[in-house]
Structure formats: C-alpha cells, structure tokens
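Report on the structure
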Amino acid sequence: MKFTAQQIADFVQGRVEGSPDACVEDFAKIEEGRIGCISFLSNEKYKHFIFETKSSIVLLNDDMDVTAHPLPEGLTLIRVKNAYESVARLLQLYNSLQTKKTGIDALAFVSPSAKIGENTYVAPFAYVGDNVVIGDNCYINPHVTIYHDCKIGNNCILHAGCVIGADGFGFAPTKDGYDKIPQIGNVIIEDNVEIGANTCIDRSTMGSTIIHSGVKLDNLIHIAHNCEVGSHTVMASQTGVAGSTKIGKWCMFGGQSGISGHSEIGDGCQIGPQSGTIGDIKAGSKVIGSPVMEHRLWLKCNALLRRLPEMAEDIKELKKKITNTK
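In what follows, the accompanying structure is described. The model shown is predicted, which means the values in this text are computed figures rather than measured ones.

1. Looking at the sheet that holds strand β27 (residues 228-229)
Judged by pairing direction, the sheet is parallel, and its eight strands sit side by side in the order β10-β13-β16-β21-β24-β27-β30-β33 without closing on themselves. A strand with exactly one partner marks an edge of an open sheet, and here the two such strands are β10 (115-116) and β33 (264-265). When strand β16 (residues 151-152) meets strand β21 (residues 186-189), the two strands line up parallel, connected through two bridges. Among the inter-strand pairings, K151 is bridged to a residue of β21, identified as I188.

2. Some remarks on the pattern of salt bridges
Under the definition given, this model contains ten salt bridges. Here E17 and R79 are joined by a salt bridge, their closest N and O atoms 3.4 Å apart. With a gap of 62 residues between them, E17 in strand β2 (residues 15-17) and R79 in strand β7 (residues 76-80) connect regions that are remote in the sequence. A salt bridge links K175 to D176, with the nearest nitrogen and oxygen atoms 3.7 Å apart. In terms of burial, K175 and D176 fall into one category: exposed. Taken together, the shared-partner salt bridges connect R15, E17, D62 and R79 into one network.

3. Focus: the state of the cysteines
Under the criterion given, the structure shown has zero disulfides. Of the cysteine sulfurs around C269, a residue in no disulfide, the closest is that of C251, at 4.9 Å.

4. Some remarks on the packing of helix α3 (residues 295-306) against helix α4 (residues 308-325)
Where α3 contacts α4, the two axes come as close as 5 Å, and the packing angle between them is 55°. Overall, the two elements α3 and α4 adopt an arrangement that is oblique. Contacts from L304, L305 and R306 in α3 reach L308, P309 and M311 in α4. Counted by class, the contact of α3 with α4 contains five nonpolar, no polar and one charged residues.

5. Some thoughts on the environment of D314
The residue D314 is located in helix α4 in this model. Separated by 24 residues in the primary sequence, D314 and S290 place their C-alpha atoms 28 Å from one another.

6. Here's the deal with the pairing of strand β18 (residues 163-166)
Two strands pair when backbone bridges link them, and strand β15 (residues 145-146) and β18 are joined in this way by two bridges, in the parallel orientation. Within β18, the residue paired with T145 across the bridge is V163.

7. So, the pairing of strand β5 (residues 37-41)
Where a strand is regular, its side chains alternate between the two sheet faces. Most of β5 sits out of view: four of its five residues are buried. Sheet analysis places strand β4 (residues 26-27) next to β5, joined by two bridges and oriented parallel. Across the sheet, the residue bridging to D26 is C37, located in β5. In this sheet, strand β6 (residues 57-61) lies alongside β5 in parallel orientation, the contact comprising four bridges. For F40, the partnering residue across the bridge sits in β6 and is L59.

8. Brief notes about unusual backbone geometry
Note that the residue after S290, namely P291, is joined by a cis bond; omega there is 0°. Of note, P291 is situated in the loop between β36 (286-288) and β37 (293-294). Unusually for a residue other than glycine, Q13 sits at a positive phi of about 60°. Non-glycine residue H143 carries a positive phi angle of around 65°. Within the fold, H143 resides in the loop between β14 (139-140) and β15.

What counts, and where the lines are drawn
- Residues numbered from 1 in each chain as written.
- Predicted model: local features only at pLDDT ≥ 70, side-chain atom pairs only at ≥ 80, totals over all residues.
- Heavy atoms only, no water.
- Pairing = 2+ DSSP bridges.
- Helix = DSSP H or I, 4+ residues; strand = E, 2+ residues; numbered from the N terminus.
- Salt bridge = Lys/Arg side-chain N within 4 Å of Asp/Glu carboxyl O.
- Buried < 20%, exposed > 50% of the residue type's maximum accessible area, 1.4 Å probe, protein only.
- Disulfide = S-S within 2.5 Å.
- Axes fitted to C-alpha atoms, helices over the stretch in contact; angles between N-to-C directions.
- Parallel < 35°, antiparallel > 145°, perpendicular 65-115°, else oblique.
- Contact = heavy atoms within 4.5 Å.
- Nonpolar A, V, L, I, M, F, W, Y, C, P; charged D, E, K, R; others polar.

From the geometry alone we can't say anything about function, so treat these as descriptive.
Right, dumping it as structure tokens:
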C-alpha cells in the first residue's frame, strides 16, 4: 500500500518540505535507503546519512539543521516534534494493516478447560494448560508454554519459547538434601504486556506472581516467584529478579541486571546494565554498578579506577621517600 508525504504528515502531525505527492510503500534505515522507502532521523550522530540516502522521504526532528550540504535530488522531508515516536506510530499503522492470524493452530495444544478470548492466535506447538485464561487480541507464538491456572490479559504478545507459570525455586534444606516446597500459586499477566523469547516467569508459592499492565520484557529474562512488576516497567535481556521482589511503575532495567530478593524498587527507578542490587532502591533513583551506587558516584569511582596503576606507583615512591628520611 502506498502513502504520500502529505498523508503521512497529516497522520503524524508533521510539516512537509519538498513534494507532498512523494510516495512510499516500505520502510528502510536511512543508511540503507531505497527509492519508495521512508526513513527517519532523530540522532545527530547519524545526520551525515541524510546527504547520501536514497530514501524518498525522511522523517526528522523539527530542530535538526541539515543545511550543511545539499540534500539528494527529489528527497522530501517531513518535520515532526519527535521523529522516533512518529516512525513508531507509522510502524504500528503499517502492522495493523497486515493480515492478522486468529484462532488456534491445529498443531497447538489447548486444554479443554482453558478459556481463549476473541481475536487471539495460538501458534503451532504452543501449550496452554488447564484452567488458563487468555484475553482478547493476544498473540501466542510457537513453543510458548502457559502452565495451569495462569491468567493472561488483553492485547498481550508472548514470544517463542517463553514459559509462564513454571514452579518457583522453592526448596527446604534438610539433613538428607532439599525438600521441594509446592508452588500452588499462579502468574497473572495484565493487559498490553509483551514478553520476549525464552523469558521465564515463575508461579508463586502462594498467591500470584503479577506482571502489571504495559510491562515490556526482553528475551532471556527471569522473574522469580511471588514478584510483582509495576505497570509500564521495561527490562532488557538477561535481567534476573529474585523472589518476592516488588518493582514499581515506569522503571527501566539495563541488560544483565540482577535484583536481590525480598526487596522493593520504587517507581521510576533506572537500573544500569550489569548492575547488582542489594536491598531496597528509593523511587526515582538512577543507579549502576555491583553493588549499585548512585550513577554520578559510579562515574567518579570508575574514573579513579582507571588511575589506580598510576596511584600505586605514586604510593611506592612515597614509601621510598619516607623510608629514606628515617
């Protein structure tokens, strides 16, 4: 399906610079642009690509100056407040126009006691256990496993291989080994949640492990039993959250973060990549490191760390001087 620059500008509330009749039917990165494609530019780091792109239309931020060199002949610009947000809206529109699968594939297993909402798709080799409830407009990809009694809200996407409701890691040590503690709770996933491939969310010992609305989880994440993840929180790949941790709303976790158990992370926290938390984190904190510290302090510490060899030599010289003066 083709769209003109003017149609696109009207949709994203932008301003056309060039031909309003320029047409596109596909997307491309600005450095890989082709005739008939639309690209976007929101980062100054990539601005040089606009002077050589082959794309027909480029979305770019209102405040970006691209007058340093002549633009490619025939290139049309659409100025918007935020090019990244605008291209996201266009991609959502493009995706919504594609044919959407619904129903249960013949190669999927869905328990007779499970309840599946309208316009939901269950892909081949997915498993949906007893008494599972899945809402409307969900997309359950191949090899997803949803254990018994778990609940999935509306408009959720579960990517290939993710596991919802496996037993939490609960064992009681005895003189003869470890006795398994039955995990009799479930997992509740609210509306508009997306869960990446091979991510695991464990069922609770009692009660529910809860993923609130709007949460986005990357691939290869582990959420342990009895955790609660606040709405609109996002986590990058390989984050691990230990049991009984409560995470607030609108938090951001960098890749390979490790969150200690029985702790509370306040609303709006930002946890840097490869961070390791110990205990509670106050709302609005921006931390990094293992164990974590305030971001600015971490930067200072790392600057000193790079100077340690030089400082060690200085200390040796001072010791020599002190020894020689005795």
